[in-house]
Amino acid sequence: MSDLKFTKDHEWVRVEGNIATFGITEHAQDQLGDIVFVELPSVGAAFAQGDEAAVVESVKAASEVYAPVSGEVTEINGELEGNPGLVNKEAQGGGWFVKLAMSEPAELKGLMSEAEYQAFLAESV
Amino acid sequence: MPAEPVDPATLRQTPLAALHRRLGARMVPFAGYEMPVQYQTGIVAEHVWTRTSVGLFDVSHMGQIVLGGADHPTLAAALERLVPADIAGLEPGRIRYTQFIASNGGIIDDLMVTRPTAEQGTLMLVVNASRKAIDEAWLRENLPPEITVTLREDRALVALQGPRAQEVIGPLWPATQNLGFMTAMPGSLAGIDVHLARSGYTGEDGFEISLAAAEVEALFEKLLSDDRVRPVGLGARDTLRLEAGLCLYGQDIDESTSPIEAGLGWSIPARRRQALDFIGASRFAQELEEGPARRRVGLAPQGRMPVRHGAEIRDTDGNVVGLVTSGGFGPTVDAPVAMGYVPAGQAAPGTVVDVVVRGKPVPTVVTRLPFVPHRYRR
């Protein structure tokens, strides 16, 4: 089991100090299929938890990606511009989307552990 | 990723549903049917496989309607009131693409019409799944009572599409070697009685095979036993037809669009243009004379971001001038591809417009269709 946290909208978060790195889950990339474009926010943009922070475009459709916690964008994954398929290959690693400087770290308590997320997936099938 | 809300109890299945599941398909609702959107390899791999080898598609949800009349001239004259194609001149074994035209000149559905080689006074129609009930009612309402209309729900339909389709079918049925695009013949394929047409909706060479529903699983499995053939779902069927510049009913054409606006005027021959003897001909005549107000065009969004069905098209002054009717990512083009309607004055290839995605204009160039050249066998 990883130390990642998960949302019901199928984002994952990894926390290092005050920085939250997030992307979409392995389950989400599998459901979306071949990803052809990722629209990322600008560095410096501020989001409240649950705000639309990015858009992922698969061959089939566009899907919103929501900020799992509140904060300000410190870095975006520039590699996704030329290689959006990295999200399919390494959704919960190299295919990360955004790093946020958290403004409300207490929000993390409301997110799911990996075990809880797997249970959530099993229920929602 | 919200799914289309559908009551699963009302969804219909094709005779291949169980096989699709065994093959690992992801099933989704489409036109009232539970259909495979993709198999395990995914849409892009299935798309590329169809363009380079052979894809096998279940299109059994489509409507197969048989019309019967006293003889070909009688039946053709009756059907020609409903469609603007040359049906009277359709020779045995030939297929025509055409449209049912509404009284207002819009398109009720688009369809293929085949005159079988053997029977006299029979035509076989293939119509869209989403429209078959409407089409059947339209036919019954508008054909003379002596013409029989039979929706063949006992038949299945599969499409074998790709540049190596002949290599796959040839050893099983050598006479297919001489079958040209938009022609058809009955016969036996792997011991199964079929009606085989050289046609399809991917832009590639290939076949569409109609057969008894009870036998389709055996044929599908037989064809899949060839390493050159893989199953392909509706997801890739959509990207393939979009790259080929082919219309999807309900998106690119509907009862508000006319054949001339949609760029389908090529399917209406001179005799029908002069006679104007079909339902809805007055709008057609007016558009022939004055030109249509808008035209369906190819759209090449610049950059990598796809534009989708329903997105607004704006001119460079910011005025909304039309809508995207189909859009997505073209795996063979390796870029976003789309189609939509723009005013006739802005339909020239090279015209620059903006397509609005999430509030932002995406510079887009009006282009010729298809995006990927057709490779039909002439």
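Residues numbered from 1 in each chain as written. Chains lettered and ligands numbered in written order. Predicted model: local features only at pLDDT ≥ 70, side-chain atom pairs only at ≥ 80, totals over all residues.

## Some thoughts on the overall build of chain B
For the record, the criterion: Helix and strand definitions follow DSSP, with helices as H or I runs of at least four residues and strands as E runs of at least two, each counted in order from the N terminus. The reference for a compact globule is 2.2 Å times residues^0.38; the radius of gyration itself is calculated from the C-alpha atoms. Partly exposed residues are those whose C-beta has more than 12 but fewer than 20 other C-beta atoms within 10 Å; 20 or more makes a residue buried and 12 or fewer makes it exposed, with C-beta atoms placed from the backbone. It is the C-beta atoms, placed from the backbone, that decide contacts: two residues are in contact if theirs lie within 7 Å.
Counting its secondary structure elements, chain B contains 9 helices and 20 strands. Whereas a compact globule of 378 residues would reach a radius of gyration of roughly 21 Å, chain B reaches 21 Å, a difference of no more than 12%. Each principal axis of the C-alpha atoms in chain B carries an extent, and together these give about 60 × 50 × 45 Å. Taken across its 378 residues, chain B has 45% of its residues classed as buried. Restricting to contacts in chain B with at least 6 residues of sequence separation, those with at least 24 account for 67%.

## Comments concerning the interface of chain B and chain A
Applicable threshold: Three residue categories are used. Nonpolar comprises Ala, Val, Leu, Ile, Met, Phe, Trp, Tyr, Cys and Pro, charged comprises Asp, Glu, Lys and Arg, and polar comprises the others, including Gly.
Contacts between the two partners involve 14 residues from chain B and, on the opposite side, 13 residues from chain A. Elements with a minimum of two residues in the side of chain B that touches chain A: α2 (43-52), α7 (234-243) and β17 (320-330) of chain B. Grouping the constituent residues of the side of chain B that touches chain A by class yields 6 nonpolar, 5 polar and 3 charged.

## Digging into the sheet that holds strand β16 (residues 312-314) of chain B
All names here are of chain B. Filter applied, for reference: Strand pairing requires that DSSP identify at least two bridges connecting the strands. Angles run from 0 to 180 degrees between N-to-C directions of axes, and those axes are lines fitted to C-alpha atoms, restricted for helices to the stretch in contact.
Strands sit in the order β15-β18-β17-β16-β19-β20 around a closed barrel of 6 strands; the barrel is antiparallel. Strand-to-strand twist across the sheet, computed as the mean angle between neighbouring axes with direction ignored, equals 40 degrees. Taken together, the 2 bridges between β16 and strand β19 (residues 352-357) define a ladder with antiparallel strand orientation. Its bridge partner lying in β19, Ile313 is registered against Val355.

## Quick look at the nonpolar core
If you look at soluble globular proteins, the nonpolar side chains tend to sit buried side by side. Rule in force here: In this usage, the nonpolar core is the set of buried Ala, Val, Leu, Ile, Met, Phe, Trp, Tyr and Cys residues whose C-beta atoms join them within 7 Å. Reported domain spans reflect what an automatic or database domain assignment gives.
Counting 121 residues, the largest nonpolar core has A:Val98, B:Leu56, B:Leu79, B:Val158, B:Leu160 and B:Val355 as the members making the most contacts within it. Both domains that furnish three or more residues to this core are identified here as domain 1 (8-59 + 154-243) and domain 2 (293-378) of chain B. Sequence-distant contacts of B:Leu56, that is, excluding residues within four places in its chain, are made with B:Val158, B:Leu160, B:Phe220, B:Leu223, B:Leu224, B:Val229, B:Arg230, B:Pro231 and B:Val232.

## Focus: the domain arrangement of chain B
Residues and elements named next belong to chain B. Assigned domains of chain B: these are domain 1 (8-59 + 154-243) and domain 2 (293-378). Computed over C-alpha atoms, the centres of domain 1 and domain 2 are 29 Å apart. Each partner contributes to the interface: domain 1 provides 14 residues, whereas domain 2 provides 16 residues. Looking at the side of domain 1 that touches domain 2 element by element, the count peaks at 4 residues for α2. Along the lines of polarity and charge, the residues of the side of domain 1 that touches domain 2 split into 5 nonpolar, 4 polar and 5 charged.

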